[in-house]
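Single-letter residue listing:
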Amino acid sequence: MTDAELIERLKADLGDRIEIANPGRRRLYLKVAPENLVAVVTRLRDGFGVVFLSTISGVDMFGMTVDHIPDPRPLVLPDDWPAGNYPLRKDWKFERPEEVIPGGKS
Amino acid sequence: MSFQIPIGPQHPALKEPIGLRMTVDGEVITDADIRLGYNHRGVEKLAEERSWIQIIYLVERICGICSHSHATCYVQGIERLMELVPPKRGMYIRYLVAELERVHSHLLWLGVAGHEAGFDSFFMYVWRDREIVMDLLEMITGNRVHYAINTIGGVRRDLDEAQKAKILEGIATLKKRSEYYFHIGANEPSFVARIAGVGLLPLEKAVALCAVGPTARASGWARDVRKEDPYAVYDELDFEVATADTCDVLGRVVVRVKEVLESYKMIEQMVKNLPAGDIVVKAPRKAKPGEVVSRYEAPRGENIHYIKANGTDKPERLKVRAPTLGNYPATVEMLKKGFIADIPLIFAAIDPCICCAERSVTLVSARSGEESVVRMSDLRRQAIARHQNAPVKRNAVWPL
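Next up on the list: the nonpolar core. All names here are of chain B. Of all hydrophobic cores here, the largest spans 84 residues; its most connected members are Met 22, Tyr 95, Leu 96, Leu 100, Leu 110, Ile 167 and Tyr 328. Excluding its chain neighbours within four sequence positions, the residues that come into contact with Ile 167 are Leu 96, Leu 136, Met 139, Ile 140, Leu 159, Ile 267 and Val 271. Listed in part, the 29 residues of the second largest apolar core include Cys 63, Val 112, Val 292 and Val 320.

Okay, here's the thing in structure tokens:
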């Protein structure tokens with residue numbers, strides 16, 4: 001499939017929900033508004049067989065809500081990461097938990 | 001009767017920490033689950049508080065093997081944002097180091113593959129010769145691992161005639177030795193028998209799971225950013241994309257061997273045609289608002305950096321997609337139907353760089369495949385059950 005054919009197909013499929021840039025051969029950039037992101041990604045997964053790993057990281061890192069994720073466990077963060085902490089949000093600040101030393105500091 | 005075998009995050013068979021959970025039926029792996037998060041480092045968050053120059057050295061520390069890949073990928077992007085055109089000589093030196101790094105990374109991997117397959121003399125020979133590349137890199141940049149040769153707008157160190165002669169001399173030696181060892185490797189029946197047919201990844205699976213780099217090329221998919229979207233100097237160089245069609249670990253060895261030989265060719269071309277002139281242009285302190293995606297063919301596959309600038313001297317956002325991350329779904333596929341004894345070999349065959357993948361974002365629904373399609377309500381129930389049973393670890397105290 002050439003670039004032009006692919007752009008054609010994407011446009012027919014997703015219409016004005018995406019903005020396509022094609023700055024070079026075999027290089028397509030899709031620009032998607034945040035409110036359309038989930039719909040577009042779902043369509044790309046079902047219609048074009050694209051594997052999206054980075055999308056799921058949005059759940060961990062930004063607290064996005066995405067339906068029908070086959071595996072809801074945290075992907076990149078540790079299993080014991082406290083809920084409700086989304087580290088890539090701009091207002092998130094890291095606070096180091098107090099160190100617990102058995103017997104106290106000497 | 002099936003069992004689950006946990007491997008890692010700390011395990012003698014793994015060189016870097018990652019959690020694997022294999023479901024096995026006898027000796028045969030039926031499912032694999034990969035868990036990240038053991039070593040999450042948050043480099044992307046850190047980058048938001050660093051200036052453009054500081055980030056070069058931060059992203060360089062994402063990986064200890066392909067450090068130049070990350071630094072170059074980032075620098076390419078920020079140069080495009082700042083609309084800088086580095087001088088030709090600077091570009092040649094930058095990508096000369098990139099190809100030397102590819103040689104050292106692939107030789108390292110070939111040694112590991114030899115070791116995992118039980119062919120330790122191959123490992124020792126290859127790693128001895130890797131020292132030649134490491135010495136060349138040290139001579140050019142001053143460092144063996146984190147070369148720190150990139151800067152915005154070019155490179156930081158120039159090459160002189162004596163250094164050029166030494167590089168050519170080193171590459172000539174390496175070429176001769178590599179060809180000899182690869183001849184030995186190809187003619188050692190026990191080595192070939194050990195790696196042939198292990199970790200199968202058919203072409204259609206490689207495409208569907210978006211494998212990258214040598215893993216994809218070993219399945220007969222000629223995918224190489226240097227060729228299909230040539231950046232910087234690669235459209236001026238004569239080289240071929242190495243592929244293999246055996247789709248197994250043997251194919252991955254062959255692809256890397258061919259690539260090393262192609263890299264020698266490129267290094268010779270770059271040293272011989274090194275243009276005269278400056279090596280760096282002056283870069284502004286701030287970047288105009290905008291965003292850019294930069295692609296780079298790292299030794300492990302396609303590396304992508306996304307940079308968003310907001311007009312200050314710090315980025316609004318930096319996103320790194322390391323190649324190892326792109327290869328995880330394919331790894332799960334390769335592990336399936338394999339044997340427990342093949343795990344280290346298969347896993348080593350994607351040349352995983354956990355520190356790249358763990359830097360932050362993303363990964364894998366490791367339970368890919370049809371059997372994983374369950375209803376949302378089931379998932380929720382599982383998730384709740386899992387949390388109830390999970391031991392509380394937050395305030396864990398070391399039992400004295």
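Here the focus is the sheet that holds strand E8 (residues 315-321) of chain B. Residue and element names in this part refer to chain B. Pairing is antiparallel across the open sheet formed by three strands, whose spatial order is E6-E7-E8. One side of each edge strand has no neighbouring strand; the edge strands of this open sheet are strand E6 (290-298) and E8. Pairs of neighbouring strands in the sheet enclose a mean axial angle of 15°, with direction left out of account. Sheet topology note: the strand E7 (residues 301-309)/E8 ladder contains six bridges and is antiparallel. Paired with Ile 307 across the two strands is Leu 318, which belongs to E8.

A word on the environment of Ile 7 of chain B. Inspection of the secondary structure puts Ile 7 of chain B in strand E1 (residues 3-7). Overall, Ile 7 of chain B belongs to the buried group, its relative accessible area being 8%.

All names here are of chain B. Overall, the coordinates contain 29 salt bridges over all chains when judged by the stated rule. In this structure, Arg 226 engages Glu 99 in a salt bridge whose closest nitrogen and oxygen atoms are separated by 3.5 Å. Remark: Glu 99 occurs in helix H4 (residues 88-116) and Arg 226 occurs in helix H10 (residues 225-228); sequence separation between them is 127 residues. For Glu 99, a relative accessible area of 0% translates into the label buried. Between Lys 164 and Glu 161 there is a salt bridge; the shortest N-O distance is 3.4 Å. Of this pair, Lys 164 and Glu 161 both sit in helix H6 (residues 161-186), three residues apart, roughly one helical turn. The exposure class of Glu 161 is exposed, given its relative accessible area of 59%.

Residues and elements named next belong to chain B. For Ala 242, the position within the fold is in the loop between H10 and helix H11 (249-272). Sequence separation of Ala 242 and Glu 262 is 20 residues, and the distance between their C-alpha atoms is 8.2 Å. Not counting residues within four places of it along the chain, the set of residues in contact with Ala 242 comprises Arg 217, Val 255, Lys 258 and Glu 259.

What follows concerns the sheet that holds E1 of chain B. Residue and element names in this part refer to chain B. Reading across the sheet, the three strands line up as E1-E2-E3 and stay open at both edges, with antiparallel pairing between neighbours. Two strands in the sheet have a free side with no partner beyond their single neighbour: E1 and strand E3 (28-35). In this sheet, neighbouring strand axes are inclined to one another by 20° on average, regardless of whether the strands run parallel or antiparallel. In this sheet, E3 lies alongside strand E2 (residues 19-25) in antiparallel orientation, the contact comprising seven bridges. What sits directly across from Met 22, in E3, is Ala 32. Across the sheet, helix H12 (residues 323-335) is in contact with E2 and E3; its angle to E3 comes to roughly 160°.

Definitions and cut-offs
Residues numbered from 1 in each chain as written. Chains lettered and ligands numbered in written order. Predicted model: local features only at pLDDT ≥ 70, side-chain atom pairs only at ≥ 80, totals over all residues. Heavy atoms only, no water. Core = buried A, V, L, I, M, F, W, Y, C linked by side-chain atoms within 4.5 Å. Buried < 20%, exposed > 50% of the residue type's maximum accessible area, 1.4 Å probe, protein only. Contact = heavy atoms within 4.5 Å. Pairing = 2+ DSSP bridges. Helix = DSSP H or I, 4+ residues; strand = E, 2+ residues; numbered from the N terminus. Axes fitted to C-alpha atoms, helices over the stretch in contact; angles between N-to-C directions. Salt bridge = Lys/Arg side-chain N within 4 Å of Asp/Glu carboxyl O.

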